[in-house]
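Results of the structural survey
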Amino acid sequence: MSKIADWVGVSAPLLEVEITAVSSIEDADESSVVFAVEADALGRALQSKAGVILASRKLESAELPPYRSPDPRVLWVADAKYAFAQVARRLSVNGVQTGVHASAVVGQGVAIGVGTAVGPGAVLGDGAVIGSECEIGARVTIYAGTVLGDRVVVQAGAVLGSTGFGYVRSAETGEYLIFPQQGRLVVEDDVEIGANTTIDRGALGETRIGRGTKIDNLVHIGHNCVIGKNVIIAAQTGISGSSVVEDGAILGGQVGIGEHATVGAGVILGGGAGVLSGKKMRGPGEVFWGRPARPLKEYLRDLARLKRR
């Protein structure tokens, strides 16, 4: 229990139990840790067999008869759900089998950090750099020269550093010729990339994914995009080349962003929102919705007008 307390930054009572897994309250046993952010959940957790209970401090004064006496299993934390996720990550890292699977293909000059796991069928191109404590899933393809920081998670089937979709058209013949795609992709520390997501390398410069960003399944990020720190991108979102998504932005599912667009820091794009090429969306905490995306109040007014017609 003291180890769990250290992980979430609190002091522990004099109770030593071995915790091996996180669990729902209903399925908990003596080796499980559970969490409670509401009084009802805390009441059920106290009646469970859980070895450790992470409870939000706002519940310390909650009336929970007959459990008024302190329970040594409870660790009071600022945000029990977040602390629960911290513990889950620590426990999952402890259970990961590190090393390169025998069926993986590793090119020349590849660097792989300590504690990294490379799954079956993965392909690491020449000169790729993979940091420490990364998890590279089955059949992931990482193209030559791609750089991943530490603790990066890449789920099965993702493709990183592929050639961007950039072409130049001849005005005389109508023929399309690919523009040089010789840049690189840099993924910073603590990024997580979902299954079957694709991220292109830069054309002449680089594509960069900022630290702590979380990308869902089936997302596409085009060449020369810059994604900031702690950005959330939900499934089926597509971001065209040379666009910027700044720190802390949230992109809902099926968002579409045109080329050279900017989504400002802290901006929230609702599911299915469309951002026109070159458009700049600004305002921390501002919610934009619709196609083309506009402030939520404006979008709802437009819907109301259509309904009255």
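Residues numbered from 1 in each chain as written. Predicted model: local features only at pLDDT ≥ 70, side-chain atom pairs only at ≥ 80, totals over all residues. Heavy atoms only, no water.

In this section: unusual backbone geometry. Following Arg 291, the chain continues into Pro 292 via a peptide bond in cis, with omega recorded as 0°. Structurally, the position occupied by Pro 292 is in the loop between strand E34 (287-289) and strand E35 (294-295). The phi angle at Arg 151 is positive, at roughly 60°, despite the residue not being glycine. Among the secondary structure elements, Arg 151 is positioned in the loop between strand E13 (147-148) and strand E14 (153-154). With a phi close to 65°, Asn 224 is a non-glycine residue in the positive phi region. (Helix = DSSP H or I, 4+ residues; strand = E, 2+ residues; numbered from the N terminus.)

In this structure, Ile 136, Ile 221, Leu 251, Ile 257 and Leu 269 are the most contacted members of the largest nonpolar core, which totals 44 residues. When near neighbours in sequence (up to four residues on either side) are disregarded, Ile 221 contacts Thr 198, Ile 199, Asp 200, Thr 207, Ile 209, Ile 215, Ile 227, Ile 233 and Ile 239. Counting residues in each nonpolar core, the second largest holds 16 residues, with Trp 7, Val 10, Leu 75 and Ala 80 among its members. (Core = buried A, V, L, I, M, F, W, Y, C linked by side-chain atoms within 4.5 Å. Buried < 20%, exposed > 50% of the residue type's maximum accessible area, 1.4 Å probe, protein only. Contact = heavy atoms within 4.5 Å.)

Now for the packing of aromatic side chains. One pass over the full model with this rule turns up two aromatic pairs. Arranged with centres 4.7 Å apart and planes meeting at 45°, the rings of Phe 35 and Phe 84 form a pair that is tilted. Residue Phe 35 is found in strand E2 (residues 32-36), and its partner Phe 84 is found in helix H3 (residues 80-95); the two are separated by 49 residues along the sequence. Of the residues examined, Phe 35 reaches a relative accessible area of 25% and is grouped as partly exposed. Ring centres 5.2 Å apart and planes at 70° place the aromatic pair Phe 165 and Tyr 167 in the edge-to-face group. In this structure Phe 165 comes out as exposed when scored by relative accessible area, which is 70%. (Phe/Tyr/Trp six-rings, centres within 6.5 Å; stacked < 30°, edge-to-face > 60°.)

A word on the environment of Ala 78. Take Ala 78: it is sitting in the loop between strand E4 (74-77) and H3. The exposure class of Ala 78 is exposed, given its relative accessible area of 65%. Each C-alpha atom, one on Ala 78 and one on Glu 188, is 28 Å from the other, the two residues being 110 residues apart in sequence. Filtering out sequence-adjacent residues up to four positions away, Ala 78 remains in contact with Ser 56 and Arg 57.

It is worth spelling out the domain arrangement of the chain at this point. When its domains are assigned, the chain resolves into domain 1 (1-92) and domain 2 (99-300). Distance from the C-alpha centre of domain 1 to the C-alpha centre of domain 2: 36 Å. (Domains from an automatic or database assignment.)

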